Every structure is written in C-alpha cells, then in structure tokens.
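# Coordinate analysis (summary)
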Amino acid sequence: MAIFDQINDDIKAAMKAREKEKLEALRGIKKVMLEAQTARGASDVLADEDALKIIAKLAKQGSDSANIYKEQGREDLYEQEMKQVAIFESYLPAKMSDEELTAAVKAVIEQVGASSMKDMGKVMGIASKKLAGQADGKDVADKVKALLA
C-alpha cells in the first residue's frame, strides 16, 4: 500500500476513534502531500520516496518548533508538538545507527572512488538519495566529512 493511501486510511481510523491529535497530524501530512501532487510540473501520483521526504521534513520542522517552545518555557506547546513529531516518525523507516551510517557512507565513498574533500559533492549526491529517510542529512554530511578528511 502506498504511503499516501495509508495516510488516508489512518485518517479515517483516527476519525472513528476520535483521536484528535493524531487526526490533526495526519491531516497536516495529507495537506502537504496534496500540495506536492498539484504543484506545477508534478505528476499526479506521489512516489513513496517523495512522501517519506515530506514526512521527514515535517518531523524535523516539528522537532525544531518543539525545541523553541521548550526554550521559551511553553511546555504545553512543546508536548503537543512532540506528540505530532512522534506520529510523523511512525511513518518513517527506522533511523540508522552510527555504525550502520558509517558502513553505508564508506560503501558510497568506495563506489564513487572518492579520496579527498574535493569529492564530497559526488559522495553526498549519492549518499543523500540512498539514505533518504534513514538518516538525517546533517548526520550524513558530518560522516562524509569525517571519512574524507
């Protein structure tokens, strides 16, 4: 089942179960997905990899917002935002451990034949596509820098 279809089914289930927070989060995901589908030059069908990128972006934005709320002492908003982030993350594949990330980046470096920081762009291009949704882009970039240095 496509992620978009799964979101639709989960929206119906959340409505029936009267889960207000989950329903709000799922509607937010669906809204952004529909905008991506109807954007100029986009196809009518949203690929699962694009859907995962959208959900990962929403989770990161929510996490950043939650941190701001916590800094400002707004525990109520922080908790609400973190509940939504948890719902977003439930649709994402499990994050890679540090060892798995190191192994995956080393494999990409060998595949590209990179030997110095000059090749970072080539490595990041492949690694970011290959590891999308499994690792944060910043973590991938940090790992590439460490291995190429």
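First, a word on scope: everything that follows refers to the structure included in this document. (Residues numbered from 1 in each chain as written. Predicted model: local features only at pLDDT ≥ 70, side-chain atom pairs only at ≥ 80, totals over all residues. Heavy atoms only, no water.)

### Let's talk about the overall build of the chain
Definition in use: Each helix is a run of H or I in the DSSP string that is no shorter than four residues. Each strand is a run of E no shorter than two, and both are numbered from the N terminus. Relative accessibility decides the category of a residue: with a 1.4 Å probe and only protein chains considered, values under 20% of the type maximum give buried, values over 50% give exposed, and everything between is partly exposed. Should any heavy atoms of two residues lie within 4.5 Å, those residues are considered in contact. Areas reported here follow the Shrake-Rupley algorithm with a probe of radius 1.4 Å; residue values treat only the protein chains shown as occluding.
Each helix and strand counted, the chain has seven helices and zero strands in total. The helix and strand sequence of the chain, counted from the amino end, reads α-α-α-α-α-α-α. In terms of overall dimensions, the chain has C-alpha extents of about 55 × 40 × 30 Å along its principal axes. Here the chain, with 149 residues, has 34% of them falling under the buried criterion. At a minimum sequence separation of 6, the contacts of the chain that also span at least 24 residues come to 58%. Of the roughly 9500 Å² of accessible surface on the chain, a fraction of 51% belongs to carbon and sulfur atoms.

### Looking at the packing of helix α2 (residues 20–38) against helix α4 (residues 75–89)
Quick note on the threshold: Axis definition: a line fitted to C-alpha atoms, limited for helices to the stretch in contact. Angles are taken between N-to-C directions and run from 0 to 180 degrees. Angular relationships are summarised with four words: roughly parallel below 35 degrees, roughly antiparallel beyond 145, roughly perpendicular across 65 to 115, and oblique for the angles in between. Two helices crossing with the near one rotated counterclockwise from the far one by less than a right angle form a left-handed crossing, whereas a clockwise rotation gives a right-handed crossing. As a working rule, the residues Ala, Val, Leu, Ile, Met, Phe, Trp, Tyr, Cys and Pro are called nonpolar, Asp, Glu, Lys and Arg charged, and the rest polar, with Gly in that last group.
One way to put it is that α2 packs onto α4 with a least axis distance of 9 Å and a crossing angle of 60 degrees. With respect to α4, the axis of α2 lies oblique. Where α2 crosses over α4, the handedness of that crossing is right-handed. Contacts between α2 and α4 involve Glu21, Lys22, Glu24, Ala25, Leu26 and Ile29 from the first element and Gln80, Lys83, Gln84, Ile87 and Phe88 from the second. Among the residues forming the contact of α2 with α4, the class breakdown is five nonpolar, two polar and four charged.

### A look at the nonpolar core
The condition that has to hold: As used in this record, nonpolar core signifies buried Ala, Val, Leu, Ile, Met, Phe, Trp, Tyr and Cys residues forming a set joined through side-chain atoms within 4.5 Å.
Grouped together as the largest cluster of nonpolar side chains are 21 residues, with contacts concentrated most on Ile7, Leu26, Ile29, Met33 and Ile55. A per-element tally of this core places helix α3 (residues 48–71) first, with six residues. Excluding residues within four positions of it along the chain, isoleucine 55 makes contact with Ile3, Ile29, Met33, Phe88, Tyr91 and Leu92. Grouped together as the second largest cluster of nonpolar side chains are 16 residues, Met120, Met124, Leu131 and Leu148 included.

### Considerations on the packing of α3 against α4
Direction vectors running N to C along α3 and α4 enclose 165 degrees, while the axes themselves pass 8 Å from each other. As far as their axial angle goes, α4 and α3 are roughly antiparallel. Between α3 and α4 the crossing geometry is left-handed. In this structure, α3 contributes Ile55, Leu58, Ala59, Gly62, Ser63, Ser65, Ala66, Tyr69 and Lys70 to the contact, and α4 contributes Glu75, Leu77, Tyr78, Glu81, Met82, Val85, Phe88 and Glu89. Residues of the contact of α3 with α4, tallied by class, amount to 10 nonpolar, three polar and four charged.

### Here we look at the environment of alanine 132
Relative to the assigned elements, alanine 132 resides in the loop between α6 (120–130) and α7 (137–148). The exposure class assigned to alanine 132 is partly exposed, which follows from its relative accessible area of 31%. Each C-alpha atom, one on alanine 132 and one on proline 93, is 9.6 Å from the other, the two residues being 39 residues apart in sequence.

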